[in-house]
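# Fold and contact review
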Amino acid sequence: MKRLLYHHLSFIFMNVPNLIKHPNYIIHGLPLLSNIRIRLTSTFTVSLQMKRSNFLISNLCKEGKIDQARKVFDQMSERDVCLWTTMITGYIKGGMIKEARKLFDRSDAEKNVIVWTAMVSGYVKMNQILEAERLFYEMPIRNVVSWNTMIDGYARNGRTQQALDLFTRMPERNVVSWNTIMTALAHSGRIEDALRLFDKMPERDVVSWTTMVAGLSKNGRIDDARELFDRMPIRNVVSWNAMIAGYAQNGKLDEALSLFERMPQRDMPSWNTMVTGFIQNGNLNKAVKLFDAMPQKNIITWTAMMTGYVQHGLSEEALKIFNKMQAHDGLKPATGTFVTVLGACSDLAGLTEGQQIHQMISKTVFQESTQVVSALINMYSKCGELHVARKMFDDGLSRHMDLISWNGMIAAYAHHGYGNEAINLFNKMQELGFQANDVTFVGLLTACSHAGLVDEGLKYFDELLKNRDIQVREDHYTCLIDLCGRAGRLKEAFNIIEGLGKEASLSVWGALLAGCNMHGNTDIGKLVADKVLKIEPENAGTYSLLSNMYASVGKWKEAANVRMKMKDKGLKKQPGCSWIEVGNTVQVFVVGDKSHSQSEDLGYLLLDLHTKMKKAGDMPDDDLLVDVEI
């Protein structure tokens, strides 16, 4: 159209002198050239209007005012391909793929390769890979960006071979094509294939080198990654971060720190990589030092530090960090932040703090997050508010609930000993089409164990063994042994562990030792204690359990000998600690500590409760009160 107009105007202007002499120069009282000027002005006005509307629609979409943008679009008398592209991509960027598709499929829609590629990209981002694939193959024209988008889509969905096949069929490639497929291969563990492509690249940029450094690190080839890093012709801050992250991921914190200190410039991810690296490798003190030294912190930094404190059993410090972050200007919690801080409240049974955080969440978009809802369910459960936890679960179920939430609620029932309720929920979950995973079975087996449902627990463990989609892990065997141990089936449990051979871990033997202590079986208990002490010779808790076990059956001499061994080795068991919140005041109790102002009254109360429990048949003997004095 524009080209035709250009030729038409060229012809007119070249022939202006002849046209003036033409008898039809005057038409309806107006000169012919005036008509030309009017047409030009009209065309220019429409073009300017489209540009202005395009700019307005683009800005409204960026601001999230997608409905207003659509009104402007619909009011346009004429629309060019740019307007269609802006409106459709606006929907896609806003996550409204269905609305984008409706507009895309309209009979009057003007579509170019950019719009087609945007639609493919939109489906890729929504993980609708089959629809993305279908559109890709329907495209009348494809450019290199279209091919790269589809390759990236396959890679994101774990279809590495399809991505590679598409890459080999590309009519032309750019450096992005090579980098995309190399990243996909490295992430899927095909590092040798990635290296072969890297060697074949006609040209490499800094992203190509950084991709391979990160890929080698991820696949445990940290020395090869460093050799490649040292060969890089140009490095940027992302390259340095990739190498530092590689060292951190492979547990080489000294090398990571050395490289970090040599960096010509650092950005926020540089600092976060080091802080996270130290936390993941158990060095909280160094993480704190770096955290304090950081010139700036973002939400990732604060969340990482909270996670570190929670992982090290310092949940009170995690709450302090959360409060400190709240005072930090411009920083708002993210999903991970809320999940972590709610975990801290769960560990502390801090109902008041948890409720305050719940109030904060209710004013944000995170109240719809299944991860956050699951963390809230866990928090209320751990704080004894099981009815609130179940109400939250039921409310979430009416909207949308994922497997994490089901597992959280089953674990909540398990924590409180409601075995039958956990089983009923498990059955309902399966009826609704949710497939159980390894975490589901840990919760289910724990529920059966705590409720004494031995036969049911054994049945579910047998189901687990037959399920080829779930790998049986250490936690499952620990639950099984705990189940048998609580039921007094100690010999059976011992034989199961012996059958595991070298795979038997400390937690599995520890579960059986607790069962032996509960039932006063010193014969098996002594054998189990020896196994535990071979794995962890300095475990004071094992000596303490063994001593209590002997004492529970009146073998005072053996109990004294075990205590003497503990003393000779210089071992001391950390005293048990519990707390309860009464009237906004936390009351803390430590084993053997009589400093509480009401310790005498509390002692009498405990003895009274103990007597009543004995009469009800819930406590077999007095010796279970060993080491539990106020």
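Predicted, not measured: the structure shown is a model, and the values here were computed from it.

## Some words on the overall build of the chain
- Helix and strand content of the chain: 35 helices and four strands.
- Burial analysis of the chain (630 residues in total) assigns 42% to the buried set.
- Once local pairs closer than 6 in sequence are excluded, the contacts in the chain between residues at least 24 apart make up 55%.
- Carbon together with sulfur atoms contributes 53% to the accessible area of the chain, which is approximately 34,800 Å² in total.

## Observations regarding a nonpolar patch on the surface
- Among the surface-exposed residues, Leu605, Leu606, Leu609 and Met613 lie close enough to one another that they form a single nonpolar patch of about 330 Å² accessible area.
- Here leucine 609 lies in helix α35 (residues 599-615).

## Re the packing of helix α19 (residues 299-311) against helix α20 (residues 315-326)
- Contact geometry for α19 and α20: axes closest at 7 Å, N-to-C directions at 165°. For the element pair α19 / α20, the angle class is roughly antiparallel. For α19 against α20, the interelement crossing comes out left-handed. Within the contact between the two elements, α19 uses Ile299, Trp302, Met306, Tyr309 and Val310 and α20 uses Ser315, Glu317, Ala318, Ile321, Phe322, Lys324 and Met325.

## What to know about the packing of helix α22 (residues 351-361) against helix α23 (residues 370-382)
- Contact geometry of α22 with α23 gives a least axis separation of 10 Å together with a crossing angle of 155°. Taken together, the axes of α22 and α23 are roughly antiparallel relative to one another. When you trace α22 past α23, the crossing you get is left-handed. Two secondary-structure elements touch here, α22 through Leu351, Gly354, Gln355, His358 and Ile361 and α23 through Val372, Leu376, Met379 and Tyr380.

## Looking at the confidence of the model for the chain
- Looking at the chain as a whole, the pLDDT averages 81, with 83% of positions reaching at least 70.
- Per-element mean pLDDT across the chain ranges from 40 in strand β1 (residues 26-27) up to 94 in α19.
- Below a pLDDT of 50 lies the segment residues 1-42, which in the model reaches 15 contacts outside its immediate sequence neighbourhood of four places, other chains included.

## Looking at helix α5 (residues 81-93)
- End to end, α5 covers 18 Å across 13 residues, agreeing with the expected 18 Å (1.5 Å per residue, within 8%).
- Counting buried residues along α5, 10 of its 13 residues qualify, which places the element largely inside the surrounding structure.
- All of the buried residues along α5 are Leu83, Trp84, Thr85, Thr86, Met87, Ile88, Thr89, Gly90, Tyr91 and Ile92.
- The first or second residue beyond α5 is glycine 95, which carries a positive phi of 75°.

## Notes on the environment of alanine 287
- Turning to its location among the elements, alanine 287 is positioned in helix α18 (residues 284-293).
- The class of alanine 287 is buried, set by a relative accessible area of 0%.
- Distance from alanine 287 to tryptophan 271, taken between C-alpha atoms, is 9.9 Å for residues 16 residues apart in sequence.
- When residues no more than four places from it in sequence are discounted, the contact partners of alanine 287 are Val275, Phe278, Ile279 and Met305.

## Quick word on helix α26 (residues 419-431)
- Taking 1.5 Å as the rise per residue, α26 with 13 residues should run 18 Å; its terminal C-alpha atoms sit 19 Å apart, in good agreement.
- Among the residues of α26, those classed as buried are Gly419, Ala422, Ile423, Leu425, Phe426 and Met429. The arc enclosing the buried residues of α26, seen along the axis, measures out at 160°, which places them on a common side. With respect to the buried face of α26, the exposed residues turned more than 90 degrees away are Asn424 and Glu431.
- The first or second residue beyond α26 is glycine 433, which carries a positive phi of 95°.

## Things to note about the environment of aspartate 224
- Its place among the elements puts aspartate 224 in helix α14 (residues 222-231).
- Take aspartate 224: its relative accessible area is 34%, and that puts it in the partly exposed class.
- Sequence spacing of aspartate 224 and valine 213 is 11 residues, and the spatial spacing of their C-alpha atoms is 8.1 Å.
- Polar contacts involving the side chain of aspartate 224 include one to the side chain of arginine 221, which spans 2.9 Å.

## A closer look at the side chain of serine 217
- Topologically, serine 217 is positioned in helix α13 (residues 206-218).
- Taking relative accessible area as the criterion, serine 217 reaches 3% and is therefore assigned buried.
- Of note is the side chain of serine 217, whose polar atom sits 2.9 Å from the backbone oxygen of valine 213.
- If near-sequence neighbours (up to four positions away) are discounted, serine 217 is found in contact with Ile222, Ala225, Ala242, Met243, Gly246, Gln249 and Asn250.

## A short note on unusual backbone geometry
- Residue asparagine 127 is not a glycine yet carries a positive backbone phi of 60°.
- Tracing the sequence through the fold places asparagine 127 in the loop between α7 (113-125) and α8 (129-138).
- With a phi close to 50°, alanine 349 is a non-glycine residue in the positive phi region.
- Taking the relative accessible area as the measure of exposure, alanine 349 reaches 35% and is therefore partly exposed.

## Quick word on the side chain of asparagine 148
- Inspection of the secondary structure assignment puts asparagine 148 in helix α9 (residues 144-156).
- Within the structure, asparagine 148 has its side chain in polar contact with the side chain of serine 177 (distance 2.7 Å).
- For asparagine 148, the residues in contact, after removing those within four places along its chain, are Met170, Asn174, Val176, Ser177 and Thr180.

How each quantity is defined
- Residues numbered from 1 in each chain as written.
- Predicted model: local features only at pLDDT ≥ 70, side-chain atom pairs only at ≥ 80, totals over all residues.
- Heavy atoms only, no water.
- Helix = DSSP H or I, 4+ residues; strand = E, 2+ residues; numbered from the N terminus.
- Buried < 20%, exposed > 50% of the residue type's maximum accessible area, 1.4 Å probe, protein only.
- Contact = heavy atoms within 4.5 Å.
- Areas by Shrake-Rupley, 256 points an atom, 1.4 Å probe, with all protein chains shown as cover.
- Patch = residues over 30% accessible without salt bridge, like charges linked within 9 Å, V, L, I, M, F, W, Y side chains within 5 Å.
- Salt bridge = Lys/Arg side-chain N within 4 Å of Asp/Glu carboxyl O.
- Axes fitted to C-alpha atoms, helices over the stretch in contact; angles between N-to-C directions.
- Parallel < 35°, antiparallel > 145°, perpendicular 65-115°, else oblique.
- Left-handed = near helix turned anticlockwise from the far one by under 90°.
- pLDDT = per-residue confidence, 0-100.
- Expected span 1.5 Å × (residues − 1).
- Arc of directions from axis to C-beta.
- Polar contact = N/O pair within 3.5 Å; in protein donor to acceptor, adjacent residues only side chain to side chain.

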